[in-house]
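Summary of structural features
Residue-level listing of the chains:
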Amino acid sequence: MNILILGSGGREHALAWAVKQNPKCDRLIVAPGNAGIAQIADCASLDIEDGGAVAVFAEENAIDFVIVGPEAPLAAGVADRLSDAGVAVFGPSAAAAQLEASKHFTKEICEAAGAPTAAYAHFTDPDAARAYVKEHGAPIVVKADGLAAGKGVVVAMDVATAMSAIDDMFAGAFGGAGAEVVIEEFMEGEEASFFLLCDGETVLPIGTAQDHKRVGEGDTGPNTGGMGAYSPAPVLDDEVAQKALDEIIKPTVAEMARRGMPYRGVLYAGLMIKDGQPRLVEYNVRFGDPECQVLMMRLGAQVLDLMQAAAEGRLADARVNWADDHALTVVMAANGYPGSYEKGTAIGGLDALEESSFAMCFHAGTQSSDEGIVASGGRVLNVTARGATLKEARDQAYAMVEQIDWPGGFYRTDIGWRALR
Ligand code: AMP
Ligand code: GLY
């Protein structure tokens, strides 16, 4: 079959790498892709948020299955346009993608489903929002309602920070995403991510992971898109996962179906876990990046069969073949990230890497140039390894990191510390 993957990050390189190993995959096209993806697939330039253009491209290229990587095309209705055109697609409808695209929507679903999450209130007026913060005090969490590229959340440890977050959001710091604001209770605990495939009705867990959002060692400094991840996450053990399934995920999926917007695709539940009790922080309607890289390393080629089963409503009969292993990924980012950073710095040593199903250097922001591969984004490489233990996976990943010669980049040296401590 001919497969089209939409996206250009490390997540999409890992998806392409796993899908490509499946014997069912004949031709693989990734739009727009990156320099690493170009080594294993055809890359095409395409406006991936334009559903009409994606549907025409799929028809012209005899595509049998489209896998949507990021959230923006989903929120823009690309899966709907493909379904209308009769092209099989992995990813939710725009209506179902509201689980990520609107925090207020998600809160309402949780309320209707009885899913444990932070207490909240929703505001379209800054004075009412300020009064609420005054009444409840800090710590408190202020969120822009819409998609804000992961930057629309302020965890305020004092009232003044919360007040200025409210002012910023209503003043348009996040564009349309800040015209509505959700304010919620601060939850304590340890965060972990739970990934599930859904076919509208059935839910199939495909792994747990923990991200490292802060830029600095020991989880310090500003937030990033994620500086590393590992899977599985010990804090999300079988017992906690079962609770999350029974109390949060299954009731959510049932509520979505009841509202006539069945959820199909991957559901990424961000959970806060305290004393063995999970509560929902947020949903995302796509794989995490870099969490996807560790999941793909553990799942391999079967992920294509599972994604097809999700798209076709066959998950009730699907099984995941688990290896009792661990995977870890180290993100290499351009110096200066998440602030301003230089583009175009040369990356050496990539050709000599010994890549295998146990160790891969997935590309995120890279480009080919006359001088070889250069950095073209903030997060640039995701060095990923798998092992019998987490320590083995970590040692293997860092051994590969050391073979990469990139003076223009940096990485955290403590990925996995919570699980290894
Ligand atoms: P979100 O974009 O909703 O994932 O929020 C970004 C980050 O803010 C989360 O990963 C958490 O670390 C933190 N966060 C969000 N909501 C809360 C909350 N209610 N309590 C504590 N931390 C939160
Ligand atoms: N790594 C966090 C995310 O993908 O949202």
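Residue positions are given per chain, counting from 1 as you read along its sequence in written order. Each chain is given a letter, starting from A, and each ligand a number, starting from 1, according to the order in which they appear as written. Given that the model is predicted, a residue must reach a pLDDT of at least 70 before its local features are reported, and side-chain atom pairs must reach 80 or more before they are shown or counted; all residues, however, enter totals for whole chains, interfaces and linings. Side-chain descriptors were evaluated using all non-hydrogen atoms of the structure, hydrogens and water having been removed beforehand.

Remarks on the site of ligand 1
- Neighbouring residues are identified by heavy atoms, a residue being near a molecule or strand if any of them is within 4 Å of it. Around ligand 1 there are 15 residues in total, and Glu184, Glu185, Met187, Glu191 and Glu282 lie nearest to it.
- Nitrogen and oxygen atoms within 3.5 Å of one another constitute a polar contact, given that in protein one can donate a hydrogen and the other can accept it, and given that sequence-neighbouring residues count only through two side-chain atoms. Within the contact set of ligand 1, an oxygen atom lies 2.4 Å away from a side-chain nitrogen or oxygen of Glu191.
- Burial of ligand 1 by the protein chains amounts to 89% of its free accessible area of 470 Å².
- Elements with a contribution of two residues or more to the shell around ligand 1: β7 (140-144), β8 (153-156), β9 (181-185) and β16 (277-284).
- In this classification, the charged set is Asp, Glu, Lys and Arg, the nonpolar set is Ala, Val, Leu, Ile, Met, Phe, Trp, Tyr, Cys and Pro, and all remaining amino acids, among them Gly, are polar. In terms of residue class, the shell around ligand 1 is built from eight nonpolar, no polar and seven charged. To measure how exposed things are, a 1.4 Å probe is used in the Shrake-Rupley method; for residues, cover is taken only from the protein chains shown. Under the scheme used here, helices are H or I runs from DSSP no shorter than 4 residues and strands are E runs no shorter than 2 residues, and both carry numbers assigned from the N terminus.

What about the layout of surface pockets?
- Here a cavity means grid points, on a 1 Å grid over the protein atoms only, where a 1.4 Å probe fits yet cannot get out; a pocket means an open set of points with protein on both sides within 12 Å along at least five of seven lines; lining residues are those with an atom within 4 Å of a point. Grid points are joined across faces, edges and corners, and a volume is the space filled by probe spheres set on the points. By volume, the second largest pocket is sized at about 440 Å³.
- Taken together, 18 residues form the lining of the second largest pocket, with Thr208, Leu236, Asp238, Ala241 and Trp322 sitting closest to its centre.
- Of the residues belonging to the lining of the second largest pocket, the class tally is eleven nonpolar, three polar and four charged.

Re the sheet that holds strand β1 (residues 2-7)
- Any two strands between which DSSP finds at least two bridges are classified as paired. Strand order in the open sheet made by the five strands is β3-β2-β1-β4-β5, with parallel pairing throughout. The sheet is open, and its two borders are formed by β3 (42-43) and β5 (88-90), each paired with just one other strand.
- Looking at chain direction, strand β4 (residues 65-68) and β5 are connected through three bridges and run parallel. Within the sheet, the bridge partner assigned to Val66 lies in β5 and is Val89.
- Pairs of residues are marked as contacts when any of their non-hydrogen atoms sit within 4.5 Å. Between N-to-C directions, angles cover 0 to 180 degrees, with each direction set by a line fitted to C-alpha atoms, over the stretch in contact for helices. Sheet strands in contact with helix α1 (residues 10-20) are β1, β2 (27-32) and β4, and its direction is about 165 degrees off that of β1.

Side note on the site of ligand 2
- Taken together, Asp211, Gly225, Tyr268, Arg286, Gly288, Asp289, Pro290 and Glu291 are the residues near ligand 2.
- Residue Gly225 places a main-chain N or O atom 3.0 Å away from a nitrogen atom belonging to ligand 2.
- Here ligand 2 has 200 Å² of accessible area as a free molecule, and 87% of this is covered by the chains.
- Classifying every residue of the shell around ligand 2 by side-chain character gives two nonpolar, two polar and four charged.

Section: helix α10 (residues 291-299)
- The element α10 is largely enclosed, with a buried count of nine among its nine residues.
- Along α10, the positions that sit buried rather than exposed are Glu291, Cys292, Gln293, Val294, Leu295, Met296, Met297, Arg298 and Leu299.
- One or two residues past the end of α10 sits Gly300, with phi positive at roughly 65 degrees. Relative accessibility under 20% of the residue-type maximum defines a buried residue, over 50% an exposed one, and the middle range a partly exposed one, all with a 1.4 Å probe and only protein chains included.

Structural notes on the pairing of β16
- Sheet topology note: the strand β15 (residues 264-274)/β16 ladder contains seven bridges and is antiparallel. The partner of Tyr268 across the bridge, within β16, is Asn284.
- In this antiparallel pair of consecutive strands, β15 and β16, the connection spans two residues, and Asp275 shows a positive phi of 50 degrees.

Side note on the environment of Ala76
- Mapping Ala76 onto the fold places it in the loop between α3 (71-75) and α4 (78-84).
- Distance in space between the C-alpha atoms of Ala76 and Asn2 is 24 Å, their sequence separation being 74 residues.

Let's talk about the side chain of Asp289
- You can see Asp289 is positioned in the loop between β16 and α10.
- At 3.4 Å, the side chain of Asp289 and the backbone nitrogen of Arg11 are in polar contact.
- Among the polar contacts listed, one links the side chain of Asp289 to the side chain of Gln293, at a separation of 2.9 Å.
- Residues contacting Asp289, with those up to four places away along its chain left out, are Gly9, Gly10, Arg11, Gly225, Arg379 and Asn382.

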